[in-house]
Amino acid sequence: MSALGERFRAAREARGLSLSDVAEQIRIRSVYLGAIEEENWSAIGAPVYSRGFLRTYARFLGLDPEEVVGEFNRSGASSAIVAAPGNSGQSRENRAGVERNERSGRSLSPFILVASLVAVLLVAFVFYNELTMRERAANPPTAAVSPNPLPSNMTGDAAAAGSVNPDGSGAPRLAPPTRAAALVGHTMQVSLSSPSWLRITVDGNVSMEGTFPAGTVKVFRGKTAAVRIGNAGGVDILIDGKNVGKLGGSGDVVERSFTL
């Protein structure tokens, strides 16, 4: 037995397979597989059949198909094969088997390529999702919060002009309205020319309480308002745009109620 047939036999036996096992899986009769291992090429027929069987058998065993066909051609066996009389039926069977196996090998190649591409895309998609989830977990979104919300009962130009007082008390400092018409209709404006303690109650709810600096201007809207002032000489009050003047002198504590 020469080296080519021995390579096939050794590769098959290394996998623990019989000729019948291989024949069942690659659809080539065991008699032809045995002929390849014995290098009995005349039992197979024309060289084209031997080459087809060699390629199919080599692929199954993990051998290089083109290498074994090249060795077959170099051996001179292809030129020495003479088909025996009465083997025309066998030749047709061999031809059909070769064509089936060659077509099967060609049809599987595009399928394997597409399957490999799909697998790569799936892996990339999973990796992208994992990376996105990690970034979101590391940087959760934060909601914007106003650092100095204004009282709900402050309206008009006063609400639009809110700012933090220089004394750091956190109370909104408001610019005076630019139009007197803005104060008409259930409104009360409180303006401080000197620092004073104030408590403003509108419709029964305390809307403002604390000590505020000079220059503080605030507008309130409602039906009734009550004021308690710790320095009446430093506070001016306007009801619906009408100035009621100061309610007392400097340092006087005054308490008054108004209907707006």
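Each remark here, short or long, concerns the structure printed above.
Residues numbered from 1 in each chain as written. Predicted model: local features only at pLDDT ≥ 70, side-chain atom pairs only at ≥ 80, totals over all residues. Heavy atoms only, no water.

A few words on the packing of aromatic side chains. Throughout the structure, instances matching the rule amount to three aromatic pairs. Here the aromatic rings of Phe-8 and Tyr-57 are separated by 5.0 Å at their centres, their planes lie at 35 degrees, and the arrangement is tilted. Residue Phe-8 is located in helix α1 (residues 3-14), and its partner Tyr-57 is located in helix α4 (residues 47-61); the two are separated by 49 residues in the primary sequence. (Phe/Tyr/Trp six-rings, centres within 6.5 Å; stacked < 30°, edge-to-face > 60°. Helix = DSSP H or I, 4+ residues; strand = E, 2+ residues; numbered from the N terminus.)

Another point: the packing of α4 against helix α5 (residues 65-74). The contact between α4 and α5 brings their axes to 8 Å, and the two run at 145 degrees. You can see that α4 and α5 cross each other, and the crossing is right-handed. Residues Pro-47, Ser-50, Arg-51, Leu-54, Arg-55, Ala-58 and Arg-59 of α4 form the contact with α5, whose participating residues are Pro-65, Glu-66, Val-68, Val-69, Phe-72 and Asn-73. The residue inventory of the contact of α4 with α5, partitioned by class, reads seven nonpolar, two polar and four charged. (Axes fitted to C-alpha atoms, helices over the stretch in contact; angles between N-to-C directions. Left-handed = near helix turned anticlockwise from the far one by under 90°. Contact = heavy atoms within 4.5 Å. Nonpolar A, V, L, I, M, F, W, Y, C, P; charged D, E, K, R; others polar.)

As a further point, take the sheet that holds strand β4 (residues 196-202). The four strands lie next to each other as β5-β4-β7-β10, forming an open sheet whose pairing is antiparallel. Where the open sheet ends on each side, the last strands, each with one partner, are β5 (205-212) and β10 (254-259). With direction set aside, neighbouring strand axes in the sheet form an average angle of 10 degrees. As judged from the six bridges shared by strand β7 (residues 224-229) and β10, these two strands associate in the antiparallel manner. Directly across from Thr-224, in β10, lies its bridge partner Thr-259. (Pairing = 2+ DSSP bridges.)

What follows concerns α1. With 12 residues, α1 ought to run about 16 Å at 1.5 Å a step, and its terminal C-alpha atoms sit 16 Å apart, in line with that. Burial in α1 covers these residues: Leu-4, Gly-5, Phe-8, Ala-11 and Arg-12. In an axial view of α1, the angular spread of the buried residues amounts to 130 degrees, which keeps them on one side of the axis. Seen from the buried face of α1, the exposed residues on the opposite side, beyond 90 degrees, are Ala-3 and Ala-14. Looking at the packing, one finds that the buried side of α1 touches α2 (19-26), α3 (30-38), α4 and α5. Positive backbone phi, at 70 degrees, marks Gly-16, one or two positions downstream of α1. (Expected span 1.5 Å × (residues − 1). Buried < 20%, exposed > 50% of the residue type's maximum accessible area, 1.4 Å probe, protein only. Arc of directions from axis to C-beta.)

It is worth spelling out the pairing of strand β9 (residues 242-245) at this point. Note that strand β8 (residues 235-239) and β9 share three bridges and pair antiparallel. Pairing of Ile-237 across the sheet is with Gly-245, part of β9. In sequence, β8 turns back onto β9 through a hairpin of two residues, with Asp-240 there showing a positive phi of about 50 degrees.

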